[in-house]
There are 2 protein chains.
Amino acid sequence: MRTYKLTVAYDGSRYQGWQRQANTDRTIQGILERVISEAAGYTVEVNGSGRTDAGVHAEGQTASVVMAGRTPEDFFTATVNKRLPGDIRIRDAQLVKNGFHARKSAVGKVYEYHIDTGEKPDVFRRRYCFHLPCQLDLDAMRQAAGMLTGTHEFAGYTDKNDEKSTKRTIYDIMVSGQGSSVTIRYEGSGFLYHMVRILTGTLLEAGLHERTVESVGEALRTKDRRQAGFLAPAGGLFLKEVHYD
Amino acid sequence: MRTYKLTVAYDGSRYQGWQRQANTDRTIQGILERVISEAAGYTVEVNGSGRTDAGVHAEGQTASVVMAGRTPEDFFTATVNKRLPGDIRIRDAQLVKNGFHARKSAVGKVYEYHIDTGEKPDVFRRRYCFHLPCQLDLDAMRQAAGMLTGTHEFAGYTDKNDEKSTKRTIYDIMVSGQGSSVTIRYEGSGFLYHMVRILTGTLLEAGLHERTVESVGEALRTKDRRQAGFLAPAGGLFLKEVHYD
């Protein structure tokens, strides 16, 4: 029995998200499990570092899979890749210690959210960014971001209420702009359900002067979802990296 | 009666090419004609600067359309755009002189072809470039390109044999590389059916040292399609600009 860590990229446009579902074939986890099981000749389970929502993309999602025996790494990066649809790729496979679990062992994650502030939507970027043809005050967004970094209870910044703990640490939020492209990069210990998209909606409201910078911290303190911002659309979000010790 | 010049961008991935076809709704021309006719309340014909093949993209395709009367430009860029699918956009509409015809009035075109030489295919670029994980000799490609610029009979560089004239002028072919991205930019008076994709296949064979630089000119002189290179895949090709006097 051997455990492998997979690094997976996918274009989430066509999919119902990461998590396997009984009623659809269109999930990343479901397709990986089916294709790896078919290629291996026995049933395997693929555990991701976390779920991504329908339409969210990944450049460096990670997953762990336990194989019956030693498996050459190119079983994943060649044999399995050949059978996967073109919008899902295993970028890397590594033999790791048994007991490694892509979610439980993770110590940090990096997400990026892309906004296009150009006047007209771009036909080639429409699935990969949020088109918001408005002037954004990046300085206000950076000030608001400063209120969110650190260790906090993020109960106001999630759409799920049954988490054991809503305490998370955000190490850094970087807001950068180039021409009509605005990118928000999040580095943190981990993120709750919808958290990155709600953080993004909140920062965008600050950048549009639809809310004050202070109100962003207020939503943290009150733990009231209604005080945080809107849920930014899925297509702009990319899971970039998952970190392990 | 007024004539308008439209500049149109489209992601060709989902479509059977520009030209209207009786047996499918999935053509750019067909969709533009249907949507503009519905919005105008009468039937219009949309004439492109040329056909693009299935899977080919455009950032600046042009088309002419004759409307029954004066039509505000935002009829196209707002009303019609709202009804078009997200992967087809009218970027600009201009009232032009009657008699203007997007194909017959055109005096030049610019195409770009994108190649990704990275080891592994990129899930986000796979519909927008040709993945060729090989070392390309860009200098050999530039020398071969030099043999193709100028005014020539390009009968060997097309897949259609019933053109009245196969004489065309290529003003410039620029081969540029940055990391694993290689771009070939073509500027010319006009291009025959499949011509840009065959030119690209031929230049790539020179860049792979599968053919000599001289053989590229030889295929021009003999006018023999079999001496020119392979037809490069559609997804890497973008129609960038169409020029008028």
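Since this is a predicted model, take the numbers as computed values, not measurements. (Residues numbered from 1 in each chain as written. Chains lettered and ligands numbered in written order. Predicted model: local features only at pLDDT ≥ 70, side-chain atom pairs only at ≥ 80, totals over all residues. Heavy atoms only, no water.)

Caption draft 1: Representation of the overall build of chain A within the structure. Summing up its helical and strand segments, chain A has five helices and 10 strands in all. Relative to the globule expectation of 18 Å for 245 residues, the C-alpha radius of gyration of chain A, 19 Å, shows essentially globular dimensions. Over its C-alpha atoms, taken along the principal directions, chain A stretches across nearly 55 × 40 × 30 Å. A buried classification covers 53% of the 245 residues belonging to chain A. A fraction of 70% describes how many contacts in chain A between residues 6 or more apart in sequence connect residues 24 or more apart. Total accessible area on chain A stands at roughly 11,200 Å², and carbon and sulfur atoms take up 45% of it. Side-chain charges of chain A comprise 33 positive and 30 negative groups, with the mean position of each set lying 6 Å from the other. (Helix = DSSP H or I, 4+ residues; strand = E, 2+ residues; numbered from the N terminus. Rg over C-alpha atoms; globule rule 2.2 N^0.38 Å. Buried < 20%, exposed > 50% of the residue type's maximum accessible area, 1.4 Å probe, protein only. Contact = heavy atoms within 4.5 Å. Areas by Shrake-Rupley, 256 points an atom, 1.4 Å probe, with all protein chains shown as cover. Lys, Arg positive; Asp, Glu negative; His and termini not counted. Charge placed at Lys NZ, Arg CZ, Asp CG, Glu CD.)

Caption draft 2: The interface of chain A and chain B, seen in detail. Across the contact, 18 residues belong to chain A and 19 residues belong to chain B. Contact between chain A and chain B buries roughly 1,500 Å² in total, counting both sides, with carbon and sulfur atoms accounting for 63%. At the boundary of chain A and chain B, one finds two salt bridges. Of the charged contacts, one joins Arg126(B) and Asp87(A) as a salt bridge, the two residues approaching to 3.8 Å between their closest N and O atoms. (Buried area = accessible area lost by both parts, 1.4 Å probe. Salt bridge = Lys/Arg side-chain N within 4 Å of Asp/Glu carboxyl O.)

Caption draft 3: Expanded view of helix 1 (residues 28-40) of chain B. Residue and element names in this part refer to chain B. The end-to-end C-alpha distance of helix 1, which contains 13 residues, comes to 18 Å, matching closely the 18 Å that a straight helix rising 1.5 Å per residue would cover. Every buried residue of helix 1 is listed here: Ile28, Gln29, Ile31, Leu32, Glu33, Val35, Ile36 and Ser37. Among the structural elements, strand 1 (2-10), strand 2 (46-48), strand 3 (57-67), helix 2 (73-83) and strand 4 (88-96) are those in contact with the buried residues of helix 1. In this structure Thr27 caps helix 1, since a side-chain oxygen of it lies 3.0 Å from the backbone nitrogen of Gly30. One or two positions beyond helix 1, positive phi appears at Gly41, with a value near 90°. (Expected span 1.5 Å × (residues − 1). Polar contact = N/O pair within 3.5 Å; in protein donor to acceptor, adjacent residues only side chain to side chain.)

Caption draft 4: Fine view of the pattern of salt bridges. A full pass over the atoms with the stated rule returns 30 salt bridges over all chains. Ionic pairing is found between Glu205(A) and Arg211(A), a salt bridge with its closest N-O pair at 3.0 Å. For the pair formed by Glu205(A) and Arg211(A), the shared burial category is buried. Linking Glu112(B) and Arg185(B) is a salt bridge whose minimum nitrogen-to-oxygen distance equals 2.9 Å. Here Glu112(B), found in strand 5 (residues 106-116), pairs with Arg185(B), found in strand 9 (residues 181-188); they are 73 residues apart in sequence, far enough to count as distant. Among the charged side chains, a salt-bridge network with shared partners connects Glu59(A), Glu112(A), Arg185(A), Glu187(A), Lys240(A) and Glu241(A).

Caption draft 5: Expanded view of a positive patch on the surface. Taken together, the side chains of Arg51(A), Arg103(A), Lys104(A), Lys160(A) and Lys164(A) define a basic patch exposed on the protein surface. Summarising the element assignment, Lys164(A) is placed in the loop between strand 7 (150-153) and strand 8 (167-178). (Patch = residues over 30% accessible without salt bridge, like charges linked within 9 Å, V, L, I, M, F, W, Y side chains within 5 Å.)

Caption draft 6: Structural view of the relation of the copies chain A and chain B. When chain A is fitted to chain B, the best match, at an RMSD of 0.0 Å, comes from turning it 180° and sliding it 0.0 Å along the axis. The two molecules are tied by a two-fold rotation axis, judged by turn and shift. Comparing contact sets, 100% of the residues at the interface of chain A also lie at the interface in chain B, consistent with an isologous, same-surface contact. (Least-squares fit on C-alpha atoms with pLDDT ≥ 70 in both.)

Caption draft 7: Inspection of the packing of aromatic side chains at higher detail. In this structure the tally under the stated criterion is 18 aromatic pairs over all chains. Look at Phe75(B) and Phe76(B): their rings are 5.1 Å apart centre to centre, the planes differ by 80°, and that puts the pair in the edge-to-face class. The class for Phe75(B) is buried, based on a relative accessible area of 11%. Joined through ring pairs, the aromatic side chains of Tyr4(A), Phe75(A) and Phe76(A) make up one cluster. (Phe/Tyr/Trp six-rings, centres within 6.5 Å; stacked < 30°, edge-to-face > 60°.)

Caption draft 8: Highlighting the side chain of Asp87(B). Relative to the helices and strands, Asp87(B) resides in the loop between helix 2 and strand 4. For Asp87(B), a relative accessible area of 2% gives the class buried. At a separation of 2.7 Å, a polar atom in the side chain of Asp87(B) contacts the side chain of Arg14(B). Here Tyr15(B) takes part through its side chain, which lies 2.6 Å from a polar atom of the side chain of Asp87(B). Apart from the residues within four sequence positions on either side, Asp87(B) is in contact with Val123(A), Arg126(A), Ala9(B), Tyr10(B), Asp11(B), Arg14(B) and Tyr15(B).

Caption draft 9: Structural view of the packing of helix 3 (residues 138-148) of chain A against helix 4 (residues 195-207) of chain A. Residue and element names in this part refer to chain A. Look at helix 3 against helix 4: their axes get within 8 Å of each other, and the N-to-C directions meet at 140°. By the angle between their directions, the pair helix 3 and helix 4 is classed as oblique. Read as a crossing pair, helix 3 and helix 4 show a hand that is right-handed. Of helix 4, the residues touching helix 3 (which contributes Ala140, Met141, Ala144, Ala145 and Leu148) are Leu199, Leu203, Leu204, Ala206 and Gly207. Looking at the contact of helix 3 with helix 4 residue by residue, the class counts come to nine nonpolar, one polar and no charged. (Axes fitted to C-alpha atoms, helices over the stretch in contact; angles between N-to-C directions. Parallel < 35°, antiparallel > 145°, perpendicular 65-115°, else oblique. Left-handed = near helix turned anticlockwise from the far one by under 90°. Nonpolar A, V, L, I, M, F, W, Y, C, P; charged D, E, K, R; others polar.)

Caption draft 10: Layout of the side chain of Asp224(A). Residue and element names in this part refer to chain A. Structurally, Asp224 is set in the loop between helix 5 (213-222) and strand 10 (237-244). Polar side-chain contacts of Asp224 include one of 2.9 Å to the backbone nitrogen of Arg226. Residues contacting Asp224, with those up to four places away along its chain left out, are Gly156 and Ala219.

Caption draft 11: Expanded view of the packing of helix 3 (residues 138-148) of chain B against helix 5 (residues 213-222) of chain B. Residue and element names in this part refer to chain B. Packing of helix 3 against helix 5 leaves a shortest axis separation of 8 Å and a crossing angle of 25°. By the angle between their directions, the pair helix 3 and helix 5 is classed as roughly parallel. With respect to the hand of their crossing, helix 3 and helix 5 are arranged in right-handed fashion. Contacts from Ala140, Gln143, Ala144, Met147 and Leu148 in helix 3 reach Val213, Glu214, Val216, Gly217 and Leu220 in helix 5. By residue class, the composition of the contact of helix 3 with helix 5 is seven nonpolar, two polar and one charged.

Everything listed is a geometric property; what it means functionally is a separate question.
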